[in-house]
Amino acid sequence: MKIGLVGYKGSGKSTLFTWLTGEQADISLSHASQSAMAVIPEPRLNDLAVLYKPKKITQASMEIVDTPGLSRDQQGNVAKLGYLREADYLVCVVPVFEGSDVEKEMVAFEEDLILADLEIATHRIEKLQEQLKRHLPKDDLQKLQLELDTLEMIRQGLENGHPVLARDMDEDQYKVTRSFRFLTEKNRMILVNTGDDETEHDQYQRYTQPDVPVVAVSVGLEVELEKMSEQERTEFLNEMGLTSTDRDALLRKLMDYSGQMVFLTAGEKEVRSWLMKKGGTALDAAGCIHTDFLKKFIRAEVMRCDDLVRLGSERDVKAANLNRREHKDYVVQEGDVMLFHISQ
């Protein structure tokens, strides 16, 4: 899972990168992208570790990508946004300190995404028009014409300020365009970077669409709090009348908003959490562990983590008939503890 951070210069985007990953943003890479892993907190692993006493505990993680700061005059932004093409989900960092305008910032951001997609679509259209002038087999011509017609439709929509949406295309149209990974098609959230003394965080939801979540965080404050001892942190917050943002809770929200969930594996060697797409199957989960499992999958044994912790052992879960044998099409539920049987 790859999360792309994007924002205008001075938004605090790179500070957020540091807070989420624990890695300092490299100034020498300010004109390129850099990435680091953010560990997804999973307290249930500690409960499983009590039962299995494993040699190792491993938490799932997601890749956070910090991209170059965008220019408010839009110069060079198309190239900078290109680093986000491979991202699965976007976090747009919008500052509200030093007189910045949240609404204008969000509108400008949407415009930049549209311009970046428009350039990609237009460039490909020009190439397709040249290709269609050649003598090609009928099947190839039909495929190229379908792609051209679809991109013409997309370009027209973008020129009118409309994002690229998969729901506006039929299956064939989507197949020929999904490789472009249009930015306006990506799901996203808005992270409002507030001043250190900001307390009214709920006010910012009104600036965005219902399906785009908004989270307000004083990123600079959180980074400074990380440097303090627990006692110093508590005293400072009480004295200033402020509340802190739980980084672990934010990472869990980011996982949830981006359509991901956690399943678990447990044994004497290791207890581990794994990240997978919501709605994924047992076969998908097996593939998260190793690609060989996809070909050799036989079945999955499934227990609920709550049942396992409550009853105290796999044997007790089985005695209560709370374990299940599931086929490859079983839809994995958040918090499932899974054991995969594969052919040798």
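Parameters and conventions
Residue positions are given per chain, counted from 1 along the sequence in the order it is written. Reporting of local features is limited, given that this is a predicted model, to residues whose pLDDT is at least 70; pairs of side-chain atoms are given and counted only at 80 or more, and all residues count toward the totals for whole chains, interfaces and linings. Think of the side-chain values as coming from all heavy atoms in the structure, minus any hydrogens and water. Under the scheme used here, helices are H or I runs from DSSP no shorter than 4 residues and strands are E runs no shorter than 2 residues, and both carry numbers assigned from the N terminus. Three exposure classes are used, based on accessible area relative to the maximum for each residue type with a 1.4 Å probe and protein chains only: buried under 20%, partly exposed in between, and exposed over 50%. In what follows, a contact means two residues having at least one pair of non-hydrogen atoms within 4.5 Å. For the area figures, the Shrake-Rupley method with a 1.4 Å probe applies, and any residue is considered shielded solely by the protein chains shown. Positive charges come from Lys and Arg alone, negative charges from Asp and Glu alone, with His and the N- and C-terminal ends not counted. Charged side chains are reduced to one point each, which is NZ for Lys, CZ for Arg, CG for Asp and CD for Glu. Pairing between strands is defined by DSSP: at least two bridges between the two strands are required. Helix axes are fitted only over the stretch in contact, all axes being lines through C-alpha atoms; the angle between N-to-C directions runs from 0 to 180 degrees. Here roughly perpendicular refers to angles of 65 to 115 degrees, roughly parallel to angles under 35, roughly antiparallel to angles over 145, and oblique to all remaining angles. When the near helix sits turned anticlockwise from the far one by under a right angle, the crossing is termed left-handed; a clockwise turn instead gives a right-handed crossing. Side-chain classes follow a simple rule in which Ala, Val, Leu, Ile, Met, Phe, Trp, Tyr, Cys and Pro form the nonpolar group, Asp, Glu, Lys and Arg form the charged group, and the remainder, Gly included, forms the polar group. In the analysis that follows, any N or O atom pair within 3.5 Å is treated as a polar contact, provided that within protein one partner can donate a hydrogen and the other can accept it, and provided that, for residues neighboring in sequence, both atoms belong to side chains. The pairing test for Phe, Tyr and Trp rings, Trp by its six-membered ring, is centres within 6.5 Å, and the orientation test on the planes gives stacked under 30 degrees, edge-to-face over 60, and tilted for anything in between. A 1.4 Å probe that fits into a set of points on a 1 Å grid over the protein atoms alone but cannot get out defines a cavity; an open set with protein on both sides within 12 Å along at least five of seven lines defines a pocket, and lining residues are those with an atom within 4 Å of a point. Grid points are joined across faces, edges and corners, and a volume is the space filled by probe spheres set on the points.

> How should I be thinking about the overall build of the protein chain in this particular structure?
A count of helices and strands for the protein chain gives 13 helices and 12 strands. Along the first, second and third principal axes, the C-alpha atoms of the protein chain reach 70 × 65 × 35 Å. In the protein chain, which comprises 344 residues, the share counted as buried stands at 43%. Looking at the protein chain alone, contacts between residues at least 24 apart form 68% of all its contacts between residues at least 6 apart. In the structure as shown, the protein chain presents an accessible area of about 18,800 Å², 47% of it carried by carbon and sulfur atoms. If the 44 positive side-chain charges of the protein chain are averaged to one point and the 60 negative ones to another, these points end up 8 Å apart.

> Where do I start with the pairing of strand 8 (residues 260-266) in this structure?
In summary, the side chains of a regular strand alternate between the two faces of the sheet. In terms of burial, strand 8 is largely enclosed, as six of its seven residues are buried. As defined by bridge partners, strand 8 adjoins strand 9 (residues 270-277) across seven bridges and the pair is classed as antiparallel. Its bridge partner being in strand 9, Gln260 is matched across the sheet by Lys277. Hairpin connection of strand 8 to strand 9: three residues between the antiparallel strands.

> I keep staring at the packing of helix 4 (residues 102-131) against helix 5 (residues 138-159) and nothing clicks. Help me out?
Pairs of packed helices are described in terms of their axes, by the angle between the two and the distance that separates them. Across the interface, helix 4 lies against helix 5 with an axial gap of 9 Å and an inter-helix angle of 150 degrees. The orientation of helix 4 with respect to helix 5, classified from their angle, is roughly antiparallel. Between helix 4 and helix 5 lies a crossing whose hand is left-handed. Contacts between helix 4 and helix 5 pair Ile114, Asp117, Leu118, Ala121, Thr122, Arg124, Ile125, Leu128, Gln129 and Gln131 from the former with Leu144, Glu147, Leu148, Leu151, Glu152, Arg155, Leu158 and Glu159 from the latter. Tallied by class, residues from the contact of helix 4 with helix 5 come to nine nonpolar, three polar and six charged.

> Please clarify how the sheet that holds strand 6 (residues 188-193) should be interpreted in this entry.
Sheet strands line up and pair through hydrogen bonds in the backbone, either parallel or antiparallel. Pairing is mixed in the open sheet, where six strands are placed in the order 2-4-1-5-6-7. The open sheet has two edge strands with one neighbour each: strand 2 (34-39) and strand 7 (214-217). Between one strand axis and the next, the sheet turns by 25 degrees as a mean value, whatever way the strands run. As defined by bridge partners, strand 1 (residues 2-7) adjoins strand 5 (residues 89-95) across five bridges and the pair is classed as parallel.

> Would you mind going over the pairing of strand 4 (residues 61-66) with me for this structure?
Bridge count for strand 1 against strand 4 is four bridges, and the pairing is parallel. In the sheet register, Gly4 faces strand 4, and the bridge partner there is Val65. Relative to strand 4, strand 2 runs antiparallel, the two sharing six bridges. When the sheet's bridge partners are listed, Gln34 is paired in strand 4 with Asp66.

> Could you clarify how one ought to interpret helix 1 (residues 13-21) in this entry?
With respect to burial, helix 1 is a largely interior element, seven of its nine residues being buried. Of the residues one or two after helix 1, Gly22 is the one with positive phi, at around 80 degrees.

> Would you take a moment to explain the side chain of Ser258 for this structure?
Along the chain, Ser258 falls in the loop between helix 9 (247-257) and strand 8. Relative accessible area serves as the criterion here: at 13%, Ser258 is assigned to the buried category. Within polar-contact distance, the side chain of Ser258 engages the backbone oxygen of Leu254 at 2.8 Å. Sequence-distant contacts of Ser258, that is, excluding residues within four places in its chain, are made with Met1, Ile3 and Tyr89.

> Please explain the packing of aromatic side chains as it appears in this structure.
Going through the model one piece at a time under the given rule, you end up with five aromatic pairs. Measuring from ring centre to ring centre gives 6.4 Å for Phe263 and Phe340, while their planes differ by 85 degrees; the resulting arrangement is edge-to-face. Here the residue Phe263 occupies a position in strand 8, and Phe340 occupies one in strand 12 (residues 336-342), the gap between them amounting to 77 residues. Ring pairing ties together the aromatic residues Phe263, Trp274, Phe293, Phe297 and Phe340, which thus form one cluster.

> When you look at empty space enclosed by the protein in this model, what are you seeing that I'm missing?
One water molecule sets the probe size; rolling that probe over the atoms shows where empty space is left. Applying the stated criterion across every chain, the model contains one cavity of 30 Å³ or more. In this structure, the largest cavity encloses a volume near 40 Å³. Lining of the largest cavity is provided by Leu5, Leu16, Leu20, Val91, Met189, Leu191, Leu250 and Leu254. Elements supplying a minimum of two residues to the lining of the largest cavity: helix 1, strand 6 and helix 9. A breakdown of the residues in the lining of the largest cavity according to their chemical character gives eight nonpolar, no polar and no charged.

> Mind showing me how you'd approach the side chain of Ser273 here?
Turning to its location among the elements, Ser273 is positioned in strand 9. Among the polar contacts made by the side chain of Ser273, one reaches the main-chain amide nitrogen of Ala60 at a distance of 2.8 Å. Among all residues touching Ser273, those that are not within four sequence positions of it are Glu42, Leu45, Thr58, Gln59, Ala60, Val262, Phe263 and Leu264.

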